[in-house]
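The residues making up each chain are set out below.
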Amino acid sequence: MPKRFEGLVGLRGIGATMIIAYHMYVLNGYVGTNTFLDRTVGIGGVFVTLFFILSSFSLMCGYAEKIRQNDFEWGQFYKNRFIKLAPTFYTALILHLLLNVCAHVKEPMANIIGTASLLYALMPSNQESIVMAGWALGIEIIFYLIFPAFFELTKTRLHAILTLLGSLLLFFSYNSYYGVGILNNHINIIRQLLPFAIGAALYYCIPFMTHVKKSIRMYIAFILRFILLILFVGWDKFFQNQLMIYVAFSITILNQIQYNDVLTMNRLMQALGKISYEMYLFHMIIYRILYYLNVIDLLNSVIHSKVISYMAFLFIELLFTILFSYFYKSIFLIIRKKLAKRPKMHKG
């Protein structure tokens, strides 16, 4: 991703934090205890959509020109994706299996194999995988597999617009007919193709957003932020509609393309953005450990306010998730660098 879009790294940090806050709010039974939290934290799960949009946008930024210039190897692309995603996922899988053993939960071997294949989003009865909250990665994997075809469908601005319209039709068709009554109907590439198409369309907005006159950019930024303000003031109303979620996130990304603001460029969100993937996969492991240690019951017994109890638990959850994620990624990067420096064996 271009250096000038570093604000999007911070946006990932915000997204990961909101998803964790949402899971802790729902899993610990706080829903309905506070109106403000219900309107904000209670719908934090929608930020998974943000990661889908950013994923497509980032891939287009990183690879579109190289593919057009034939300076690209699809084999290397998939190798890089695997190296980036698989080790962390398999670490999370092993830790979940160990926790299952401690909890005397026997996992079917078929489920283990299906999860380890990384193709669990294609399996009708096990799309969630053993890695709790890992369903989004399953969708990402499918998107990577179809990315060559996706790029052909979005290789020009016109193609991207047509693909966006087609994805919109598929989205409505799935929600109204195909996905009705299906368990985990949100875990389907047809339903989730729309945010990826939005990411590609946003990529073609870059020239306009970055090359217009500075005075005009200021007006555009004002309009975008005013629309965002309206959306977030009416968060509980607008965000019940999936399309309004897409609109809000699209405007947020367009705003970041123009200006890197303090919300995303501060050190904390930049740091969290760099470990957002690890936070997403590891936070449920931390939650399970805290659950087995009865931390939430302990907090509720000494803190009578549900809001304060939730905030205290969320702080503990985030603290250990961030520390574990940072430690893991540091070790992972060290190992990866050492392996990259190893001399290659030559035949002959």
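Criteria and thresholds
- Residues numbered from 1 in each chain as written.
- Predicted model: local features only at pLDDT ≥ 70, side-chain atom pairs only at ≥ 80, totals over all residues.
- Heavy atoms only, no water.
- Helix = DSSP H or I, 4+ residues; strand = E, 2+ residues; numbered from the N terminus.
- Buried < 20%, exposed > 50% of the residue type's maximum accessible area, 1.4 Å probe, protein only.
- Contact = heavy atoms within 4.5 Å.
- Areas by Shrake-Rupley, 256 points an atom, 1.4 Å probe, with all protein chains shown as cover.
- Axes fitted to C-alpha atoms, helices over the stretch in contact; angles between N-to-C directions.
- Parallel < 35°, antiparallel > 145°, perpendicular 65-115°, else oblique.
- Nonpolar A, V, L, I, M, F, W, Y, C, P; charged D, E, K, R; others polar.
- pLDDT = per-residue confidence, 0-100.
- Core = buried A, V, L, I, M, F, W, Y, C linked by side-chain atoms within 4.5 Å.
- Salt bridge = Lys/Arg side-chain N within 4 Å of Asp/Glu carboxyl O.
- Phe/Tyr/Trp six-rings, centres within 6.5 Å; stacked < 30°, edge-to-face > 60°.
- Lys NZ or Arg CZ within 6 Å of the ring centre and 35° of its normal.
- Expected span 1.5 Å × (residues − 1).
- Bend = angle between axes of the 7 residues up to and from the residue.
- Left-handed = near helix turned anticlockwise from the far one by under 90°.

Caption draft 1: Layout of the overall build of the protein chain. When its secondary structure is counted, the protein chain shows 18 helices and zero strands. Counting the 348 residues in the protein chain, one finds 47% classified as buried. Across the protein chain, the fraction of contacts at a sequence separation of at least 24, relative to all contacts at a separation of at least 6, is 74%. As displayed, the protein chain has an accessible area near 18600 Å², and 69% of this comes from carbon and sulfur atoms.

Caption draft 2: The packing of helix 15 (residues 267–274) against helix 16 (residues 276–292), seen in detail. Between helix 15 and helix 16, the least distance of the axes is 4 Å, while the angle of their chain directions is 65 degrees. It follows from the interaxial angle that helix 15 and helix 16 lie roughly perpendicular. Residues Leu 272, Gly 273 and Lys 274 of helix 15 pack against Ser 276, Glu 278 and Met 279 of helix 16. Tallied by class, residues from the contact of helix 15 with helix 16 come to two nonpolar, two polar and two charged.

Caption draft 3: Layout of the side chain of Thr 163. Position of Thr 163 among the secondary structure elements: in helix 8 (residues 157–178). Exposure remark for Thr 163: the relative accessible area of 11% places this residue in the buried category. For Thr 163, the contacting residues outside a window of four places in its chain are Leu 153, Thr 154 and Ala 197.

Caption draft 4: Looking closely at the confidence of the model for the protein chain. Confidence in the prediction for the protein chain averages 88 pLDDT; 89% of positions are at 70 or higher. Mean pLDDT per element in the protein chain: helix 12 (residues 235–238) is the minimum at 60, and helix 16 is the maximum at 97.

Caption draft 5: Layout of the nonpolar core. In terms of nonpolar packing, the biggest core is built from 97 residues, with Phe 57, Ile 253 and Tyr 310 touching the most fellow members. Take this core: its biggest share by element is 14 residues, from helix 3 (residues 47–68). When neighbours within four sequence positions are excluded, Ile 253 is seen to be in contact with Leu 8, Leu 11, Leu 50, Ile 53, Leu 54 and Leu 202.

Caption draft 6: Quick peek at the pattern of salt bridges. Inspection of the entire model under this criterion finds two salt bridges. Salt-bridge contacts for Arg 68 lead to Glu 65; the nearest nitrogen and oxygen are separated by 2.7 Å. One end of the pair is Arg 68 and the other is Glu 65, both in helix 3 and three residues apart, which spans about a single turn. Note on Arg 68: relative accessible area 32%, which makes it partly exposed. For Glu 65, a relative accessible area of 42% translates into the label partly exposed. When the shortest N-O distance is used, the salt bridge between Lys 155 and Glu 152 registers 3.2 Å. Residue classification places Glu 152 among the partly exposed residues on the basis of a relative accessible area of 43%.

Caption draft 7: Spatial organisation of the packing of aromatic side chains. Taken as a whole and judged by the stated rule, the model has 34 aromatic pairs. Where Phe 143 meets Phe 147, the ring centres are 5.8 Å apart and the plane angle is 65 degrees; that geometry is what we call edge-to-face. Residue class for Phe 143 comes out buried when judged on its relative accessible area of 0%. When the ring of Phe 171 is compared with that of Phe 172, the centres are 5.8 Å apart and the planes differ by 75 degrees; the resulting orientation is edge-to-face. Given a relative accessible area of 39%, Phe 172 falls into the partly exposed group. Grouping aromatic residues by their ring pairs yields a cluster made of Phe 52, Tyr 63, Phe 72, Trp 74, Phe 77, Tyr 78, Trp 135, Phe 143, Tyr 144, Phe 147, Phe 150 and Phe 196. Positioned over the ring face of Tyr 144 is Arg 81, at 5.3 Å from the centre of the ring.

Caption draft 8: Structural detail: helix 3. Relative to the 32 Å expected for 22 residues at 1.5 Å per residue, helix 3 spans 31 Å between its end C-alpha atoms, a close match to the ideal helical length. Bending of helix 3 peaks at approximately 40 degrees at the position of Gly 62. Counting buried residues along helix 3, 18 of its 22 residues qualify, which places the element largely inside the surrounding structure. Asn 70 lies just past helix 3 and shows a positive phi near 60 degrees.

Caption draft 9: Molecular detail of the packing of helix 16 against helix 18 (residues 306–341). With their axes 9 Å apart at the nearest point, helix 16 and helix 18 run at an angle of 125 degrees to one another. Overall, the two elements helix 16 and helix 18 adopt an arrangement that is oblique. As helix 16 packs across helix 18, the resulting crossing turns out to be right-handed. Side by side, helix 16 and helix 18 meet where Glu 278, Met 279, Phe 282, His 283, Ile 286, Tyr 287 and Leu 290 of the first sit next to Phe 313, Ile 316, Glu 317, Leu 318, Phe 320, Thr 321, Ile 322, Phe 324, Ser 325, Tyr 328 and Lys 329 of the second. In terms of residue class, the contact of helix 16 with helix 18 is built from twelve nonpolar, three polar and three charged.

Caption draft 10: How the structure looks around unusual backbone geometry. We note that Asn 70 has phi near 60 degrees; this positive angle belongs to a residue other than glycine. Judged by its relative accessible area of 70%, Asn 70 falls in the exposed class. In the Ramachandran plot, Leu 118 falls in the positive-phi region, its phi being about 70 degrees despite a non-glycine side chain. Within the secondary structure, Leu 118 sits in the loop between helix 5 (109–116) and helix 6 (135–145).

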